[in-house]
Amino acid sequence: MLNIFTLANGRLFQEEIESLEELSRFQPVWVDLEAPTPEEKRWIKQYYDLSIPEDAMDEDIEESARFYEEDNGDLHIRSDFLIAGDDEPRTVRVAFILNLMNQSLKSHGVLFSIHDEDVPVFRLLRLRARRAPGLIEDAKEVLLKLFDADAEYSADTLEGIYDELEKVSRQVLAGEVTDTLAGEALEAIALQEDLNGRIRRNVMDTRRAVSFMMRSRMLSASQFEEARQILRDIESLDSHTAFLFDKINFLMDATVGFININQNKIIKIFSVASVALLPPTLVASLYGMNLQFPEIQLLGRAAYPYVLGLMIASALIPMWYFRKRGWLR
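Now for a look at the structure at hand. (Residues numbered from 1 in each chain as written. Predicted model: local features only at pLDDT ≥ 70, side-chain atom pairs only at ≥ 80, totals over all residues. Heavy atoms only, no water.)

## Side note on the overall build of the chain
Quick note on the threshold: Here a helix means four or more residues in a row that DSSP labels H or I, a strand means two or more in a row labelled E, and each is numbered from the N terminus. This radius of gyration counts C-alpha atoms alone. The globule rule is 2.2 Å times how many residues there are, raised to the power 0.38. Only protein chains enter the accessibility calculation, which uses a 1.4 Å probe; a residue whose area is less than 20% of its type maximum is buried, one above 50% is exposed, and one in between is partly exposed. Working rule for contacts: check all heavy atoms of both residues, and any pair within 4.5 Å makes them a contact. Only the protein chains shown count as cover for residues, with accessible areas throughout obtained via the Shrake-Rupley method and a probe of 1.4 Å.
Across its full length, the chain carries 10 helices and seven strands. Expected size for 329 residues packed as a compact globule is a radius of gyration near 20 Å; at 35 Å, the chain overshoots this value by more than 25%. Its C-alpha atoms give the chain principal-axis dimensions of roughly 120 × 40 × 35 Å. Out of the 329 residues in the chain, the part that is buried amounts to 39%. A fraction of 66% describes how many contacts in the chain between residues 6 or more apart in sequence connect residues 24 or more apart. Split by element, the accessible area of the chain, about 18,100 Å² in all, is 55% carbon and sulfur.

Shown next as structure tokens:
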């Protein structure tokens, strides 16, 4: 899908392009390629003389491979954006290309973004730009606002993690925790831990991208100050993610502790039962010997009920004692 965005009266308008002729009718400030086809890449090559690298969305982590400037003035930035879905939180690699130096190219002053799937941050910026006149002034502003929206999206996702952990906390700390409830709590905690880690990685990547924009001296004075504010917002998110990691570890330890308590209760029952059955076993062993016991000869036919009652009494007395001491609770 090939979308272009033009500025009119301070608002950002979107047009979906389906041919090379349509592309030539607009003067966009932002060209967004979502899972572009070879034909759409060819249109960009023909009209803007811009070749999209084959490795544009590779998972390189070296800064030299993610932030660099070509000889013709094309500025390349590869950044990750978070998708905090309920089922599968993940990050999407987005490649940005921006030429601010070579005015002879049609791509001058146009931001190109290439990614495999739609990103919530992009939708958020499109919505804001339509509703807020003057939000976007040029291609640099689009890129900066995307990183600003990314930081805000990460903050909103952190608030969601707070809410989910509060639910788990009420379940775990409210009362007796069964093994089933503990398993569900551990699953929820693991999901939020993974999401929190992805947010931390995402804000770190955003910090690197914004810092590169500031070092490249491509921003105006007002944009430079806005970039500094984004970095301050990201800095505040670091402490929140650290706090959430501590809370996650606490809930994880508490849940595992309840599981151990439940297991200890089961082991205690077996231990008490085995101790309580020792006296009956001793009685059965004694009277099972091939010996002559006077009381057995005296009782005659009542000897069997006598021994059976003695075995039951020898089992009930320890159980009564254990219960009195509170060891069966």
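## Things to note about the sheet that holds strand E4 (residues 67-69)
Heads up, the condition is: DSSP calls a pair of strands paired once it identifies at least 2 bridges connecting them. Every axis corresponds to a line fitted to the C-alpha atoms, with the helix fit spanning only the stretch in contact, and the corresponding angles, defined between N-to-C directions, vary from 0 to 180 degrees.
Read from one edge to the other, the open sheet built from seven strands follows the order E2-E1-E3-E7-E6-E5-E4, with strand pairing classed as mixed. Edge positions in the open sheet fall to strand E2 (11-17) and E4, since each of these has one partner strand only. If you compare each strand with its neighbour and ignore which way they point, the axes differ by 20 degrees on average. Here E4 pairs with strand E5 (residues 74-83) via three bridges, running antiparallel. Considered in E5, the bridge of Tyr68 is made with His76. Helix H5 (residues 139-174) rests against strand E3 (30-34), E5, strand E6 (90-99) and strand E7 (111-115) of the sheet, and its axis sits at about 20 degrees to E5. The sheet strands contacting helix H6 (residues 179-215) are E4, E5 and E6, and the helix crosses E5 at an angle near 160 degrees.

## Describing the side chain of Glu34
Rule in force here: Neither His nor the chain termini are counted; the positive set is Lys and Arg, and the negative set is Asp and Glu. Should a side-chain nitrogen of Lys or Arg be within 4 Å of a carboxyl oxygen of Asp or Glu, the pair is scored as a salt bridge. Between N or O atoms, a polar contact is any pair within 3.5 Å; within protein, one atom must be a potential hydrogen donor and the other a potential acceptor, and residues adjacent in sequence are included only when both atoms are from side chains.
Along the chain, Glu34 turns up in strand E3. With no salt bridge to any partner, buried Glu34 finds its closest opposite charge in Arg126, at an N-O distance of 6.1 Å. From its side chain, Glu34 meets the backbone nitrogen of Asp118 in a polar contact 3.3 Å long. Ignoring sequence-local partners within four residues, the contact set of Glu34 consists of Met1, His115, Asp116, Glu117 and Asp118.

## Concerning the nonpolar core
Rules: As used here, the term nonpolar core means buried Ala, Val, Leu, Ile, Met, Phe, Trp, Tyr and Cys residues forming a set that is joined through side-chain atoms within 4.5 Å.
Counting residues in each nonpolar core, the largest one holds 55 residues, and the members touching the most others are Trp30, Ile77, Phe96, Phe122 and Phe147. Residue assignment for this core shows that the elements contributing at least two residues are E5, E6, helix H4 (120-131), H5, H6 and helix H7 (221-276). Looking at this core element by element, the count peaks at 14 residues for H5. Beyond its immediate chain neighbours, meaning those up to four positions away, Phe96 contacts Leu75, His76, Ile77, Phe81, Leu111, Phe112, Ser113, Phe122, Leu143, Leu146 and Phe147. Among the nonpolar cores identified, the runner-up in size contains 17 residues, and Leu2, Leu23, Ile97 and Val110 belong to it.

## Quick look at helix H10 (residues 303-325)
What counts, and what does not: For a helix, the expected span equals 1.5 Å multiplied by the residue count minus one.
Given a rise of 1.5 Å per residue, 23 residues ought to cover 33 Å, and the 33 Å separating the end C-alpha atoms of H10 matches this to within 8%. For H10, the full list of buried residues reads Ala303, Val307, Ser314, Ala315, Pro318 and Phe322. Looking at the buried side of H10, the elements it contacts are H7, helix H8 (278-287) and helix H9 (294-299).

## Notes on the packing of H4 against H5
Rules: Should the near helix be turned anticlockwise from the far one by less than a right angle, the crossing is left-handed, and should it be turned clockwise, the crossing is right-handed. Residues are grouped as follows: nonpolar covers Ala, Val, Leu, Ile, Met, Phe, Trp, Tyr, Cys and Pro; charged covers Asp, Glu, Lys and Arg; every other residue, Gly included, is treated as polar.
At a closest axis distance of 9 Å, the pairing of H4 and H5 adopts a crossing angle of 115 degrees. As for the relative orientation of H4 and H5, their crossing is right-handed in sense. Between H4 and H5, the residues in contact are Pro120, Val121, Phe122, Leu124, Leu125 and Arg128 and Val142, Lys145, Leu146, Ala149, Asp150, Glu152 and Tyr153, respectively. Along the lines of polarity and charge, the residues of the contact of H4 with H5 split into nine nonpolar, no polar and four charged.

## A look at the packing of aromatic side chains
Here a ring pair, both rings aromatic, is described through the centre-centre distance and the interplanar angle of the planes. The line we're drawing: Pairing of aromatic rings covers Phe, Tyr and the six-membered ring of Trp, with a centre-to-centre limit of 6.5 Å; geometry is then stacked below 30 degrees between planes, edge-to-face above 60, and tilted otherwise.
Across all of its chains, the model carries 10 aromatic pairs by this definition. The interplanar angle of 70 degrees and the centroid separation of 6.1 Å between the aromatic rings of Phe96 and Phe147 together place this pair among those described as edge-to-face. Residue Phe96 is found in strand E6, and its partner Phe147 is found in helix H5; the two are separated by 51 residues along the sequence. Assessed through its relative accessible area of 0%, Phe147 is described here as buried. Aromatic rings pair up to connect Phe5, Trp30, Phe81, Phe96, Phe122 and Phe147 into one cluster.

## Considering the pattern of salt bridges
One pass over the full model with this rule turns up 17 salt bridges. With a shortest N-O distance of 2.9 Å, Arg90 and Glu117 are connected by a salt bridge. You can see Arg90 sitting in strand E6 and its partner Glu117 sitting in the loop between E7 and H4, a full 27 residues away along the chain. When its relative accessible area of 28% is taken as the criterion, Arg90 is described as partly exposed.

## Brief notes about H5
Look at H5: 52 Å from first C-alpha to last across 36 residues, which is about the 52 Å you get at 1.5 Å a residue. At the N-terminal end of H5, a side-chain oxygen is found 3.3 Å from the backbone nitrogen of Lys140, two or three residues along, and the residue is Asp138.

## A closer look at the pairing of E5
Counting buried residues along E5, 10 of its 10 residues qualify, which places the element largely inside the surrounding structure. Neither face of E5 is left uncovered, since the one carrying Asp74, His76, Arg78, Asp80 and Leu82 and the one carrying Leu75, Ile77, Ser79, Phe81 and Ile83 both have all their residues buried. Taking the residues between adjacent antiparallel strands as the criterion, E4 and E5 are bridged by four residues, where Gly73 takes a positive phi near 100 degrees.

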